[in-house]
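# Survey of secondary and tertiary structure
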Amino acid sequence: MTRIALYFIGLVVLSSATAWAEGKRIVVAGGDLTEIVFALGSGGDVVGVDQTSLFPQEATSLPQIGYVRRLAAEGILSLSPDLVLAADDAGPKIAFDQLQAANVTIARAPETPEPADIAKKIAFVGEAIGKKAAADDLATAFLADLASVKEKVARLPDRPKVLFILSVQGTAPLVGGRDTAAHVMIEAAGGENAASAFDGFKPMNKEAILAAQPDVILMMQQHAQRIGGIEKVMARPEISLTPAGQKNRHVTMDGLFLLGFGPRTADAIAELAAALQPEAAAAAGF
């Protein structure tokens, strides 16, 4: 069990005992930020969360403020927050302009394009909610876990080509290229992004997928379920003819765990690495 996993076990329990003594009413827009707040022992201060806040389980029973990029000021203001913790891409701008006009304190998280940057995000949350010492401890534990995982990934012998499919829209799957969290996670786990010829999320036609020759198909569990299961994706003609399709090699992971860039990211990298190269990962100590 990693240091971060132990941190969650200890501090999520602690949060209910300390929350009211601290007394802030916190609204969080960003599942990664919600995880950090709970890990720092302030989950009991949270009075509202966005739809991406799916961990820990306690967060899912809190009032909802909508999707992180499609927020409305009215719903947030109805919760009488003292502080709104917002992801770097939370929006729209008009909603935050209205919150500022209502004198609500807003703390917007820094961008975290790489896993190591998550330590900065932890420090940001700690500063915003008055938990600097706890945040320093959590960030130190996170970086130690990340370093350990990186060391193990470096021992893996192969670089399997992985195609991340976000969704299937019409005739072409929407896949993750460079400059996406999926690309970063694939690379961190010892894989090669099969869609690295372009940036962002784009539809990928049959010819391009066949030319990419992915060894493994990667999807978020929620999106795979939404389209009838990963088996339906693997049966698609453009997938079934690839090495991944011929060997039926696919990985599904919880979306927030895989792409959220929260304090569990080192664990997510380890889980993905183990799924991509099971035997080699076991030998490397995963």
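This text follows the structure it describes.
Heads up: these notes are all about the structure in this document. The shown structure was predicted, so the numbers you read here are calculated from the model rather than taken from an experiment.

### Some thoughts on the sheet that holds strand S3 (residues 83–86)
Ordered by their spatial adjacency, 4 strands build an open sheet running S2-S1-S3-S4, and the pairing between neighbours is parallel. The open sheet has two free edges, formed respectively by strand S2 (46–49) and strand S4 (105–108), since each of these has just one partner strand. Taking each pair of neighbouring strands and ignoring which way they run, the sheet shows an average axis angle of 20°. Examined bridge by bridge, S3 and S4 share 4 bridges and lie parallel to one another.

### Re the packing of aromatic side chains
With the rule as written, the count across this model stands at 1 aromatic pair. Over the aromatic face of Phe96 sits the side chain of Arg108, whose NZ or CZ is 4.5 Å from the ring centroid. Lying across the ring of Phe55, Arg264 places its NZ or CZ 3.7 Å from the centre.

### What to know about the pairing of strand S5 (residues 161–169)
Along any regular strand the residues' side chains alternate between the sheet's two faces. Pairing of S5 with strand S7 (residues 192–193) involves 2 bridges; the strand directions are parallel. Residue pairing across strands places Lys161 opposite Glu192, the latter belonging to S7. By the bridge criterion, 3 bridges tie S5 to strand S9 (residues 216–220) in an arrangement that is parallel. Looking at S9, one finds that Phe164 is bridged to Leu218. Summarising the sheet, S5 and strand S6 (residues 172–176) pair through 4 bridges and their orientation is antiparallel.

### Section: the layout of surface pockets
Here the largest pocket defines a volume of roughly 1,300 Å³. Those elements that place two or more of their residues in the lining of the largest pocket are helix H2 (31–39), helix H7 (181–188), helix H9 (221–226) and helix H13 (255–259). The dominant element in the lining of the largest pocket, judged by the number of residues it contributes, is H7, at 4 residues.

### Topic: the packing of H2 against helix H5 (residues 118–128)
Axis separation between H2 and H5 bottoms out at 10 Å; the angle between their running directions is 60°. Crossing of H2 over H5 shows right-handed handedness. Together, Asp32, Leu33, Ile36 and Val37 of H2 and Lys121, Ile122, Phe124 and Val125 of H5 make up the contact between the two elements. Residue classes in the contact of H2 with H5 are distributed as 6 nonpolar, no polar and 2 charged.

About the criteria used
Residues numbered from 1 in each chain as written. Predicted model: local features only at pLDDT ≥ 70, side-chain atom pairs only at ≥ 80, totals over all residues. Heavy atoms only, no water. Pairing = 2+ DSSP bridges. Helix = DSSP H or I, 4+ residues; strand = E, 2+ residues; numbered from the N terminus. Axes fitted to C-alpha atoms, helices over the stretch in contact; angles between N-to-C directions. Phe/Tyr/Trp six-rings, centres within 6.5 Å; stacked < 30°, edge-to-face > 60°. Lys NZ or Arg CZ within 6 Å of the ring centre and 35° of its normal. 1 Å grid on protein atoms, 1.4 Å probe; cavity = no way out; pocket = protein on both sides within 12 Å on 5 of 7 lines; lining within 4 Å. Points joined across faces, edges and corners; volume = space filled by probe spheres on them. Left-handed = near helix turned anticlockwise from the far one by under 90°. Contact = heavy atoms within 4.5 Å. Nonpolar A, V, L, I, M, F, W, Y, C, P; charged D, E, K, R; others polar.

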